[in-house]
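Structure assessment
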Amino acid sequence: MELFGLLNYWLVIVLMMIGFYIVIAQGNLVKKMVGLSIFQVSVFVFYISVGRVAGGTAPILADGIEVFSNPLPHVLILTAIVVGVATTALGLAMIVRIRDSFGTIEDDEILAIEKGEDDK
Amino acid sequence: MAVTAFAAARIRNLFAVVILSGIFSLLAAVLYVTLNAVDVAFTEAAVGAGISTLLMLATLSLTSEEEKARFNVKIIPLLIVIATGAVLIYGTFDMPAFGDPNAPAQVHVAPRYILESGKEIGVPNIVTSVLASYRGYDTFGEVVVIFTAAIGVLILLGRGHDRWRPGMRSNVISEQNEEEV
Amino acid sequence: MSRHSILRVVAKFMIPFIILFGLYVQFHGDFGPGGGFQAGVIIAAGFVLYGLIFGIENARKVVPAWATRVLLAFGVLLYGGTGVASFFLGGNFLGYNVLANDPVAGQHLGILLVEAGVGITVAATMMTLFFVFAGQDHE
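All of the points below concern the structure found in this document. (Residues numbered from 1 in each chain as written. Chains lettered and ligands numbered in written order. Predicted model: local features only at pLDDT ≥ 70, side-chain atom pairs only at ≥ 80, totals over all residues. Heavy atoms only, no water.)

What follows covers the overall build of chain A. What chain A contains, in helices and strands, is 4 helices and 0 strands. Start at the N end of chain A and walk to the C end: the helices and strands fall as α-α-α-α. Per-residue burial over chain A gives 59% buried out of 120 residues. A fraction of 45% describes how many contacts in chain A between residues 6 or more apart in sequence connect residues 24 or more apart. Element-wise, carbon and sulfur atoms account for 67% of the exposed surface of chain A, whose accessible area totals about 4,700 Å². (Helix = DSSP H or I, 4+ residues; strand = E, 2+ residues; numbered from the N terminus. Buried < 20%, exposed > 50% of the residue type's maximum accessible area, 1.4 Å probe, protein only. Contact = heavy atoms within 4.5 Å. Areas by Shrake-Rupley, 256 points an atom, 1.4 Å probe, with all protein chains shown as cover.)

Once that is clear, we can look at the overall build of chain C. The helix and strand inventory of chain C stands at 5 helices and 0 strands. Look at the contacts in chain C between residues 6 or more apart in sequence, and 56% of them connect residues 24 or more apart. Entry remark: accessible area of chain C is about 6,600 Å², with carbon and sulfur atoms responsible for 72%.

To continue, consider the packing of helix 2 (residues 14-34) of chain B against helix 3 (residues 38-62) of chain B. Residue and element names in this part refer to chain B. Relative orientation of the contacting elements helix 2 and helix 3 amounts to 175°, with a least axis distance of 8 Å. Taken together, the axes of helix 2 and helix 3 lie roughly antiparallel to each other. Only Val40, Ala41, Glu44, Ala45, Gly48, Ala49, Thr53, Met56, Leu57 and Leu60 of helix 3 make contact with helix 2, whose side of the interface consists of Leu14, Phe15, Val18, Ser21, Gly22, Ser25, Leu26, Ala28, Ala29, Tyr32 and Val33. (Axes fitted to C-alpha atoms, helices over the stretch in contact; angles between N-to-C directions. Parallel < 35°, antiparallel > 145°, perpendicular 65-115°, else oblique.)

As a further point, take the interface of chain B and chain C. Contact with chain B, which involves 40 residues of that partner, is made by 42 residues of chain C. Carbon and sulfur atoms make up 75% of the area that chain B and chain C hide from each other, which totals about 3,900 Å². Looking at the side of chain B facing chain C, the largest losses of area belong to Phe42, Leu62 and Phe140 of chain B, adding up to 15% of the total buried there. The tally of links from chain B across to chain C stands at 0 salt bridges. Only helix 3, helix 6 (110-120), helix 7 (126-134) and helix 8 (136-157) of chain B provide two or more residues apiece to the side of chain B that touches chain C. Split into classes, the residues belonging to the side of chain B that touches chain C amount to 25 nonpolar, 12 polar and 3 charged. (Buried area = accessible area lost by both parts, 1.4 Å probe. Salt bridge = Lys/Arg side-chain N within 4 Å of Asp/Glu carboxyl O. Nonpolar A, V, L, I, M, F, W, Y, C, P; charged D, E, K, R; others polar.)

On to the environment of Ile19 of chain B. All names here are of chain B. Mapped onto the fold, Ile19 is located in helix 2. Residue classification places Ile19 among the partly exposed residues on the basis of a relative accessible area of 36%. Each C-alpha atom, one on Ile19 and one on Thr53, is 6.9 Å from the other, the two residues being 34 residues apart in sequence.

Given two aromatic rings, one states the distance between the centres and the angle between the planes to describe the pair. Considering all chains together, one arrives at 8 aromatic pairs over all chains under this definition. Between the aromatic rings of Phe46 of chain A and Tyr47 of chain A, the centroid separation amounts to 6.4 Å while the plane-to-plane angle is 80°, which identifies the pairing as edge-to-face. With a centroid separation of 5.5 Å and 55° between ring planes, the pair formed by Phe130 of chain C and Phe131 of chain C is classed as tilted. Taken individually, Phe130 of chain C and Phe131 of chain C each receive the classification buried, so the pair is uniform in this respect. Following the ring pairs from residue to residue traces out a cluster consisting of Phe42 of chain B together with Phe21 and Tyr24 of chain C. (Phe/Tyr/Trp six-rings, centres within 6.5 Å; stacked < 30°, edge-to-face > 60°.)

This paragraph deals with the environment of Ser37 of chain A. Considering the arrangement of structural elements, one finds Ser37 of chain A in helix 2 (residues 29-51). Separated by 14 residues in sequence, Ser37 of chain A and Val23 of chain A place their C-alpha atoms 9.9 Å apart.

Residues and elements named next belong to chain A. Packing of helix 2 against helix 3 (residues 71-102) leaves a shortest axis separation of 11 Å and a crossing angle of 175°. Judged by the angle between their axes, helix 2 and helix 3 are roughly antiparallel. Tallied by class, residues from the contact of helix 2 with helix 3 come to 14 nonpolar, 7 polar and no charged.

Ranked by size, the top nonpolar core spans 82 residues in total, and within it Tyr32 and Val153 of chain B together with Val122, Met126 and Phe133 of chain C carry the most contacts. The element contributing the most residues to this core is helix 3 of chain A, with 15 residues. The residues touching Val122 of chain C, leaving out its near neighbours within four places in the chain, are Val82 of chain A, Ile146 of chain B together with Phe37, Gly40 and Val41 of chain C. (Core = buried A, V, L, I, M, F, W, Y, C linked by side-chain atoms within 4.5 Å.)

What follows concerns the environment of Val9 of chain C. Residues and elements named next belong to chain C. With respect to the helices and strands, Val9 occurs in helix 1 (residues 5-28). Of the residues examined, Val9 reaches a relative accessible area of 56% and is grouped as exposed. Through-space distance from the C-alpha of Val9 to that of Ile53 is 9.9 Å; in sequence the pair is 44 residues apart.

Quick look at a nonpolar patch on the surface now. Together, Ile6, Val10, Phe13, Met14, Phe17 and Leu20 of chain C line one region of the surface with nonpolar side chains, adding up to about 650 Å² of accessible area. By the secondary structure assignment, Val10 of chain C is in helix 1. (Patch = residues over 30% accessible without salt bridge, like charges linked within 9 Å, V, L, I, M, F, W, Y side chains within 5 Å.)

See below:
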């Protein structure tokens, strides 16, 4: 039971590390955004797991229900998801502009182009 | 869910990656339902699986669909990731057990919200009353962030290709103008 | 996309229901899951579906660029304005108790207005994002 209690956190960590790996190791900028959103979801799952109360129900008041999950993490994550998509969109917009300027969305090629311009 | 994320890390076709991230969001939404967070699941299903997948597809159609071929697994990032993960897992051994009603997160302000909001606000959905009333400042900030992000996207992409935009390199402009003419 | 007649017919049939569902989520958020954030996204999804099926130009005729921009700002102002209104009525900023004679009714009214502000901003943001991304030239 003790181990099962930690399983959820481990899932969060595995997801977070996959996202982290994508962000630092992959060169493609769109893929980096996907990695960031995986990282983000892992944090969301963490918060929701923290807010979970054994035997509780969804935090909507009704007759005959006494135990609720903690509503506070739900509120935080609810807004964070929408803000997350807005920031993702901003990042994607920057990717489109980078592609306009450099003609590529691979970070090593962008670095090579910049280096070439500095040498000139 | 982890399998989907792992596949997203390995596959090189960006279209498949984006669709996988949509599936990933949907699975996350299912997980939220099982963790009793119905409002969050609702949002994740609508936003994560719907809108953000759509935006990423739109970006792909504006850029390229295939990632450049890379066959090697990079060793140093992998080591960093494994080390960080190990430290975090070590950290979880001190976490309160999953679903413990006496965990620190459950005893601070949440009982007040649960016990009093019915009387003070008169709205059955506690999430709504916390969102809009107790934490109204917070939500106001979030709305302003969304507004700012929309403004930022409009500034970056809002005009057509015919105008000069800050940050655009002069040589690229001339090439594009030639193409358009 | 405009040649797929099944898609067109089904979309025409679906869009009013999507928007109706969005409004339901918006105003039923007090009692069940839902609220401004989700409703905004659902309503925007209805318009985005229209844009995908019938083309961006036609969708732009339904929701012109100035309309989304005005709504974008209007939502934030409605939220902030609710706060300022409660402030002038003698309460704290965003303290809704003073908006009506009875504190609980005031809270109801405040939450309704604030959620409407959130919904309008989110819907306008999502539509703006979609139209801006999809309206780019394809080289």
